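Chain residues, written in single-letter form:
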Amino acid sequence: MDENDPRRWPMLATLLSATFMPGFDANAVNVALPSLHRELGAGSAALELVIGGYLFTYASFLITSGRLGDIFGHRRLFMTGMAGFAVTSLLCGLAQSPTQLVVARLLQGATAAAMVPLSIGRQKGWPVWAWACLIAAVPTLALALGWERRQAAPLVNLALFQRRSLGIGLLMYVAFMSFFVSMTFALSLLLQSGLGLSPLAGGLTFVPFALLAMVAAPLSEKITARLGQRALTVGALLSSLGMFGLGLEMVVLHGDITAAWMQLPLCVIGLGNGLMLPLFVGVTMSDVKPAEAGSASGLLTTTQQFSGALGLAVMGASSSRCWATTPAPTATPPPPRS
């Protein structure tokens, strides 16, 4: 599009909105988790799938959606994704049971991927299909890689994995996103179910954390210019220090901890995260050729979403004993009509 085309600004606003919505939706639902537990009777596994299932299907279809856009047209796929996201968002709002909500969220993640290029039975034991999926994952991956190697135009350019910086960057993304998604999930439950805050108050608790991350991100370039790659170490140390402080407060204060006590460590974590995220992208893409940028960015985004689902699953499995002592309440029936 020409830089003087008057349609460029409305188009930019539309694209930014479409990029913002899936990410916002993935995190905003954290605030509603205790309400879903209370009103729909959703257990720990269902709550994990509400977040992790969305991230999983979102990540699963990202690269495929980009390829479908190349084949059928990006505008057509974008409009289809927008419409699908709106419909599945409505289905989420109309869900009357945990199962309905989980299914709607899985579909919503898939439509989000078109718009932007385990554990449901853990309370009753892992079902056969879950174990079967885990066992089949490794041979399925091997078959997929073998198939890709034989294609003239593979969906994923395997030569990218020969770039050392890309491999290091993806591993850092796995660690960071696993930590970030599981942390926000656990803190959202603590603030509302543990401390009794309202959804609004629980959401507002994260505002200073988010604002400091937004402030730190633009500064990362200047800090990197002075410190080089050590700036990434500074960000990691800040996030680690904030997590240590948060954990120390919980150990010392126990039931007396409040949202106000959490603000200082959360702000330090937000500052560290804001410094690290732009550097992750720089490290990952530093050795990627311009012709490979599209495939590399797709791998980066896919890794980001899968890692969030992975961290949530690991955190959920490790905390299952805590949930086992807190049975899901029976959903409150609606009042009788007059």
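The rules behind these values
Starting from 1, residues in each chain are numbered consecutively following that chain's sequence as written. For this predicted model, a pLDDT threshold of at least 70 governs which residues receive local features, and a threshold of 80 or more governs which side-chain atom pairs are given and counted, while totals over whole chains, interfaces and linings are taken from all residues. Side-chain measures here rest on the full set of heavy atoms in the structure, leaving out hydrogens and waters. Secondary structure elements are defined from DSSP: runs of H or I of at least 4 residues count as helices, runs of E of at least 2 residues count as strands, and each element is numbered from the N terminus. Categorising residues by exposure relies on relative accessible area from a 1.4 Å probe, with only protein chains included: less than 20% of the type maximum marks a residue as buried, more than 50% marks it as exposed, and the intermediate range marks it as partly exposed. Every helix has an expected span of 1.5 Å times one less than the residues it contains. Salt bridge criterion: a side-chain nitrogen from Lys or Arg within 4 Å of a carboxyl oxygen from Asp or Glu. A patch consists of residues whose relative accessible area exceeds 30% and which take part in no salt bridge; residues with like charges are grouped when within 9 Å of each other, and nonpolar side chains (Val, Leu, Ile, Met, Phe, Trp, Tyr) when within 5 Å. Working definition of accessibility: Shrake-Rupley area with a 1.4 Å probe, residue cover restricted to the visible protein chains. Two rings from Phe, Tyr or Trp (for Trp, the six-membered ring) form a pair when their centres sit within 6.5 Å of each other. Planes less than 30 degrees apart are called stacked, planes more than 60 degrees apart edge-to-face, and all others tilted. A ring is considered to have a charge above it if a Lys NZ or an Arg CZ atom is located within 6 Å of its centre and within 35 degrees of its normal.

K.L.:
It is not clear to me how the overall build of the protein chain should be interpreted in this structure. Could you clarify?
P.N.:
Scanning the protein chain from terminus to terminus reveals 13 helices and zero strands. N-terminal to C-terminal, the α/β element order of the protein chain is α-α-α-α-α-α-α-α-α-α-α-α-α. By residue count, 38% of the 338 residues in the protein chain fall in the buried class.

K.L.:
How do you make sense of helix H10 (residues 230-253) when you look at a structure like this?
P.N.:
Note: α-helices contain 3.6 residues per turn, so residues at a spacing of three or four share the same orientation. Relative to the 34 Å expected for 24 residues at 1.5 Å per residue, H10 spans 34 Å between its end C-alpha atoms, a close match to the ideal helical length. Listing the buried residues of H10 in full gives Ala 231, Leu 232, Gly 235, Ser 239, Gly 242, Leu 246 and Glu 249. Backbone geometry just after H10 places His 254 at a positive phi near 55°.

K.L.:
Any chance you could explain the pattern of salt bridges here in plain terms?
P.N.:
If charged atoms from side chains of opposite charge come close, those side chains can pair. Applying the stated rule across the entire model yields one salt bridge. Note that Glu 39 is salt-bridged to Arg 38, the shortest N-O span being 3.9 Å. Here Glu 39 falls in the partly exposed class, since its relative accessible area comes to 48%.

K.L.:
I tried to follow a nonpolar patch on the surface on my own but got confused; where do I start?
P.N.:
A grouping of Leu 200, Leu 204, Val 207, Leu 211 and Met 214 is seen on the molecular surface, where their side chains present a nonpolar patch of about 510 Å² in accessible area. Going through the elements one at a time, helix H8 (199-205) and helix H9 (207-227) are the ones with two or more residues in the nonpolar patch. For the nonpolar patch, the leading source of residues is H9, giving three residues. Structurally, Leu 200 is set in helix H8.

K.L.:
Would you explain the packing of aromatic side chains in this entry?
P.N.:
Within a pair of aromatic rings, the relevant descriptors are the distance that separates the centres and the angle that separates the planes. Applying the stated rule across the entire model yields seven aromatic pairs. Each ring, one from Phe 176 and one from Phe 179, has its centre 6.0 Å from the other, and the planes form 65°; the classification is edge-to-face. Separated by three residues within a single helix, Phe 176 and Phe 179 lie in helix H7 (residues 164-194), roughly one turn from each other. A relative accessible area of 5% places Phe 176 in the buried class. A ring pair is formed by Phe 176 and Phe 280, whose centres lie 5.6 Å apart and whose planes are at 70°; its orientation type is edge-to-face. Residue Phe 176 is located in helix H7, and its partner Phe 280 is located in helix H11 (residues 259-285); the two are separated by 104 residues in the primary sequence. A residue is classified by how much of its surface remains accessible, and Phe 280, at 4% relative accessible area, is buried. When the ring centre of Tyr 54 is taken as origin, the NZ or CZ atom of Arg 105, which lies over that ring, is 4.3 Å away.

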